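Structure assessment
Residues per chain are reported as follows:
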Amino acid sequence: MVQGKWFSPGETLTADVLSVRSSVFGASGNNSDPEAWNALVYLDDRPVATGRIWWSDNAFWLGGIGVLPPDRGQHLGDLVLRLLLYKAQSHFAREVRLRCPLETEGFFSRLGFQSVSRTPSGHVEMALAGHDISLDSCHHCKKQDCPNRK
Ligand SMILES: CC(C)(COP(=O)(O)OP(=O)(O)OC[C@H]1O[C@@H](n2cnc3c(N)ncnc32)[C@H](O)[C@@H]1OP(=O)(O)O)[C@@H](O)C(=O)NCCC(=O)NCCS
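All of these numbers come straight from a predicted model, not from anything done at the bench. Here the residue numbering is sequential within each chain, running from 1 through the sequence in written order. In keeping with the model being predicted, local features are shown solely for residues with a pLDDT of at least 70 and side-chain atom pairs are shown and tallied solely at 80 or more, while totals for entire chains, interfaces and linings include all residues. Hydrogens are left out, water is left out, and the side-chain values use all remaining heavy atoms of the structure.

With that settled, the discussion passes to the nonpolar core. Among buried residues, those of type Ala, Val, Leu, Ile, Met, Phe, Trp, Tyr and Cys that are joined through side-chain atoms within 4.5 Å constitute a nonpolar core. Only protein chains enter the accessibility calculation, which uses a 1.4 Å probe; a residue is then buried when its area is under 20% of its type maximum, exposed when over 50%, and partly exposed in between. By size, the foremost hydrophobic cluster in this structure holds 35 residues, and its most contacted members are Leu62, Leu81, Leu85, Val96, Phe108 and Phe113. Secondary structure counts use DSSP, requiring at least four H or I residues in a row for a helix and at least two E residues in a row for a strand, with both numbered from the N terminus. Looking at this core, the elements with two or more residues in it are helix H1 (15-25), strand S2 (37-43), strand S3 (46-56), strand S4 (59-67), helix H2 (76-90), strand S5 (95-101) and strand S7 (123-129). Here, residues are in contact when the closest pair of their heavy atoms is within 4.5 Å. Every residue in contact with Phe113, bar those within four places of it in the chain, is listed here: Leu62, Leu81, Leu85, Val96, Leu98, Phe108, Met126, Ala127 and Leu128.

Following this line, the structure appears as structure tokens:
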């Protein structure tokens with residue numbers, strides 16, 4: 001069973017969040033933690049995926065989106081991203097931004113993010129206008145002959 005949990009800004013992050021973070025990114029704490037909402041996803045009661053969203057410089061920022069390596073490829077990263085975008089949408093975000101490794105650009109562009117620049121560390125900065133957030137899975141699907149559309 002897949003379950004999601006939110007941690008509000010200022011709430012103490014449990015070892016479950018920190019352990020996923022440190023397994024994926026090698027670090028557990030982050031400067032944005034005091035202002036961020038953190039999402040945590042459990043698979044069969046195991047914490048497997050996380051990500052956070054916070055407000056800074058006139059935009060909502062996403063970061064630390066990661067899934068434990070053995071649990072990748074099951075749409076758990078997609079679930080975290082959608083949870084974070086739902087949070088942005090429910091706060092009437094005008095813009096959502098993130099910085100990600102080049103090799104994950106395609107993961108974010110699926111949901112409408114567009115590259116805006118490269119950082120000196122070789123990451124890509126991406127942006128999505130709030131009115132372009134679409135959590136509808138069918139919206140980005142290229143299948144034209146789906147019975148659900150008829
Ligand atoms: C990027 C990451 C979060 C993806 O998580 P995941 O659970 O393996 O991905 P999902 O199973 O949810 O993938 C959803 C869709 O995105 C696609 N996708 C996944 N990773 C992708 C990538 N790197 N590039 C392009 N598409 C990707 C999948 O093929 C899938 O497509 P589909 O809907 O057509 O089947 C995971 O690989 C990860 O933790 N990476 C290391 C941390 C990181 O770099 N995070 C990003 C920056 S903060």
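What follows deals with H2. For H2, with 15 residues, the first-to-last C-alpha span of 21 Å sits near the 21 Å given by 1.5 Å per residue. When we look at burial in H2, the residues that qualify are Leu76, Gly77, Asp78, Val80, Leu81, Arg82, Leu84, Leu85, Lys87 and Ala88. Positive backbone phi, at 55°, marks Phe92, one or two positions downstream of H2. In a helix, the anticipated span is given by 1.5 Å times the number of residues less one.

Method remark: on a 1 Å grid restricted to protein atoms, a set of points is classed as a cavity if a 1.4 Å probe fits but cannot get out and as a pocket if it is open with protein on both sides within 12 Å along at least five of seven lines; lining residues have an atom within 4 Å of a point. Grid points are joined across faces, edges and corners, and a volume is the space filled by probe spheres set on the points. Taken as a whole, the largest pocket spans an internal volume of roughly 820 Å³. What lines the largest pocket is a set of 35 residues, among which Phe25, Gly63, Gly64, Ile65 and Arg99 lie closest to the centre. Elements supplying a minimum of two residues to the lining of the largest pocket: H1, S3, S4, H2, S5 and helix H3 (105-109). Of the residues forming the lining of the largest pocket, the biggest block, seven residues, is contributed by S4. Here the nonpolar group is Ala, Val, Leu, Ile, Met, Phe, Trp, Tyr, Cys and Pro; Asp, Glu, Lys and Arg are the charged ones; every other residue, Gly included, is treated as polar. Classifying every residue of the lining of the largest pocket by side-chain character gives 14 nonpolar, 15 polar and six charged.

Taken together, 20 residues lie around the ligand, and Ile65, Val67, His75, Asp78 and Glu103 are the ones closest in. Any N or O atom pair separated by 3.5 Å or less is treated as a polar contact, with the protein-specific requirement of one donor-capable and one acceptor-capable atom, and with residues adjacent in sequence counted only for side-chain atom pairs. In this structure, Gly77 approaches the ligand through a main-chain N or O atom, which is 2.9 Å from an oxygen atom. When the ligand sits alone it has 910 Å² of accessible area, and the protein chains cover 69% of it. A molecule is counted as occupying a cavity or pocket when more than half of its atoms fall within 2 Å of that pocket's grid points. Of the pockets mapped on this structure, the ligand occupies the largest pocket. At the level of elements, H1, S4, H2, S5 and H3 are the ones that each hand at least two residues to the shell around the ligand. When residues in the shell around the ligand are grouped by element, the largest group, four residues, is from S4. Taken together, the residues that form the shell around the ligand break down as eight nonpolar, eight polar and four charged. For each residue, the test is whether any non-hydrogen atom lies within 4 Å of the molecule or strand; if one does, the residue is near. Using a 1.4 Å probe, the Shrake-Rupley method yields the accessible areas, and only the shown protein chains count as cover for residues.

Counted residue by residue, S3 has eight buried out of 11 residues, so it is predominantly covered. Connecting the antiparallel pair S2 and S3 is a turn made up of two residues, with Asp44 showing a positive phi of about 50°. In this analysis, strands are considered paired if DSSP registers two or more bridges between them. Summarising the sheet, S3 and S4 pair through seven bridges and their orientation is antiparallel. Bridge pairing in S4 links Trp54 to Trp61. In this structure, the hairpin formed by S3 and S4 is closed by a connection of two residues, where Asp57 is found at a positive phi of approximately 50°.

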